[in-house]
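Next come the chains, spelled out residue by residue.
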Amino acid sequence: MRRLCSAVLLAAFVAGCGGSDGSTRLVVSAASSMNEALGQCAPDFGKAENADVRLSFGGSDELAAQIRQGAKIDVYAAANTRLPADLNGDLLVEEPVEFATNELVLAVPEDSSIGSLDDLTRERAKLAIGSESVPIGIYTRETLAKLPSDQEQAILAQVRSNEPDVKGIVGKLTQGAVDAGFVYVTDVKAAGGALRAVKLPEELEPQATYAAAVVTKAQQPDLARKFVDDLTTGACADALRRAGFGPAP
């Protein structure tokens, strides 16, 4: 029901809002972890293309569900490659393009004594992670599955909240509701010093690759393709690098 309502609200928002200056409207649905980076570059893209770029952020799975439900979206940018590939297999988006990577880290408050995964169980830390259907939650579970089974289960036993996107995890951390959470390194950077990133052992790190695609029923397909190109080589690509994202593999 929550996802259906979200799709209806997005459709109503898009239908009811246009460029008051006669510019072309472009609707971009993107994973929450790109909020700051795309918020910086989208206005410049819009100015260059005489476009009114409307950004909608959320969990990649929820945004994919909105496309399946018929929301009027031009560009879909996800925090993994599987969701765009699934949509492409159902002919709902064009061929996805990989455009960035990110690093999974354990985030803790700046003054926390937690410095490793071992500390999560040693200190009985309350933990927030992503839900099983969202990329951040999938990456987290894949990472923990590489640990010895008893350590994996001990850490999962500390989970107090399964969030629909990384912003929810960051919110739980900054509000003091939990002691640690698995997020992307870019989310820690965007927290402005409130959080500290605990790097994971190299052998545990997942390959978090982002992919974008033009929605098959896009209202502005040519402009949408230009925006996807901008994610790979333009001003938005530069904004992503400044925010801490890595280049596509």
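Just so you know, these numbers come straight off a predicted model, no measurement behind them.

Draft legend 1. Looking closely at the pattern of salt bridges. As enumerated under the stated definition, the model contains 11 salt bridges in all. With a closest N to O distance of 2.3 Å, Asp119 and Arg122 form a salt bridge. Taken as a pair, Asp119 and Arg122 lie in helix 5 (residues 117-122) at a separation of 3 residues, close to a single helical turn. On the basis of relative accessibility, which here comes to 11%, the residue Asp119 falls in the buried class.

Draft legend 2. Structural detail: the packing of helix 10 (residues 221-233) against helix 11 (residues 235-242). Here helix 10 crosses helix 11 at 40 degrees, and the two axes come no closer than 5 Å. Viewed along their axes, helix 10 and helix 11 adopt a mutual orientation that is oblique. As helix 10 runs across helix 11, the sense of the crossing is right-handed. Counting all contacts with helix 10, which are made through Phe227, Asp230, Leu231, Thr232 and Thr233, the residues of helix 11 involved are Ala235, Cys236, Ala237 and Leu240.

Draft legend 3. Quick peek at the sheet that holds strand 4 (residues 97-102). Strand order in this open sheet of 5 strands is 2-1-3-10-4, and the pairing throughout is mixed. Two strands lie at the open edges of the sheet, namely strand 2 (51-58) and strand 4, each paired on one side alone. Strand-to-strand twist across the sheet, computed as the mean angle between neighbouring axes with direction ignored, equals 20 degrees. In this structure, strand 4 lies alongside strand 10 (residues 208-214), joined through 5 bridges in antiparallel fashion. Considered in strand 10, the bridge of Asn102 is made with Ala208. Here helix 10 sits on the sheet in contact with strand 1 (24-31), strand 2, strand 3 (75-78), strand 4 and strand 10, set at roughly 160 degrees to strand 10.

Draft legend 4. Here's a closer look at the packing of aromatic side chains. Per the counting criterion, the structure on display carries 5 aromatic pairs. For the pair Phe99 and Tyr210, a centre-to-centre distance of 6.2 Å together with 75 degrees between the ring planes defines the contact as edge-to-face. Here Phe99 is found in strand 4, whereas its partner Tyr210 is found in strand 10, with 111 residues between them in sequence. An identical accessibility class is assigned to Phe99 and Tyr210; each is buried. Taken together, Phe99, Tyr139, Tyr184, Tyr210 and Phe245 form an aromatic cluster joined through their ring pairs.

Draft legend 5. Examining the nonpolar core more closely. Among the nonpolar cores identified, the biggest contains 65 residues, and Met34, Leu106, Leu120 and Phe182 are the most heavily contacted of them. Residues in contact with Met34, not counting those within four places in the same chain, are Gly39, Phe57, Ala77, Ala78, Phe99, Tyr210, Leu240 and Phe245. Ranked by size, the runner-up nonpolar core spans 13 residues in total, among them Val27, Ala71, Ile73 and Tyr76.

Draft legend 6. Fine view of unusual backbone geometry. Positive phi values are uncommon outside glycine, yet Asn50 reaches one of about 50 degrees. Counting through the fold element by element, Asn50 comes out in the loop between helix 2 (35-49) and strand 2. Residues other than glycine seldom take positive phi values, yet Leu91 does so here, at roughly 65 degrees. With respect to the element layout, Leu91 can be found in the loop between helix 4 (82-89) and strand 4.

Draft legend 7. Up close: the packing of helix 2 against helix 11. Across the interface, helix 2 lies against helix 11 with an axial gap of 8 Å and an inter-helix angle of 150 degrees. The angle between the axes of helix 2 and helix 11 places the two elements in the roughly antiparallel class. Here helix 2 runs over helix 11; the crossing is right-handed. Seen from helix 2, the contacting residues are Ala37, Leu38, Gln40, Cys41 and Ala42; seen from helix 11, they are Ala235, Cys236, Ala239, Leu240 and Arg242. Residues of the contact of helix 2 with helix 11, tallied by class, amount to 8 nonpolar, 1 polar and 1 charged.

Draft legend 8. Main features of the sheet that holds strand 9 (residues 195-199). The 5 strands lie next to each other as 7-6-8-5-9, forming an open sheet whose pairing is mixed. With partners counted over all chains shown, the strands left at the sheet margins are strand 7 (159-163) and strand 9, one partner each. Neighbouring strand axes in the sheet, compared pairwise and without regard to direction, differ in orientation by 35 degrees on average. Pairing of strand 6 (residues 127-130) with strand 7 involves 4 bridges; the strand directions are parallel. Note on strand 7: the bridge partner recorded for Ile129 is Asn162. The sheet contacts of helix 6 (residues 135-144) involve strand 5 (104-109), strand 6, strand 7 and strand 8 (180-184), and relative to strand 8 the element is tilted by about 110 degrees. Strand contacts of helix 8 (residues 166-174): strand 5, strand 6, strand 7, strand 8 and strand 9, with the helix running at about 145 degrees to strand 8, the strand carrying the most contacts.

What counts and what doesn't
Residues numbered from 1 in each chain as written. Predicted model: local features only at pLDDT ≥ 70, side-chain atom pairs only at ≥ 80, totals over all residues. Heavy atoms only, no water. Salt bridge = Lys/Arg side-chain N within 4 Å of Asp/Glu carboxyl O. Helix = DSSP H or I, 4+ residues; strand = E, 2+ residues; numbered from the N terminus. Buried < 20%, exposed > 50% of the residue type's maximum accessible area, 1.4 Å probe, protein only. Axes fitted to C-alpha atoms, helices over the stretch in contact; angles between N-to-C directions. Parallel < 35°, antiparallel > 145°, perpendicular 65-115°, else oblique. Left-handed = near helix turned anticlockwise from the far one by under 90°. Contact = heavy atoms within 4.5 Å. Pairing = 2+ DSSP bridges. Phe/Tyr/Trp six-rings, centres within 6.5 Å; stacked < 30°, edge-to-face > 60°. Core = buried A, V, L, I, M, F, W, Y, C linked by side-chain atoms within 4.5 Å. Nonpolar A, V, L, I, M, F, W, Y, C, P; charged D, E, K, R; others polar.

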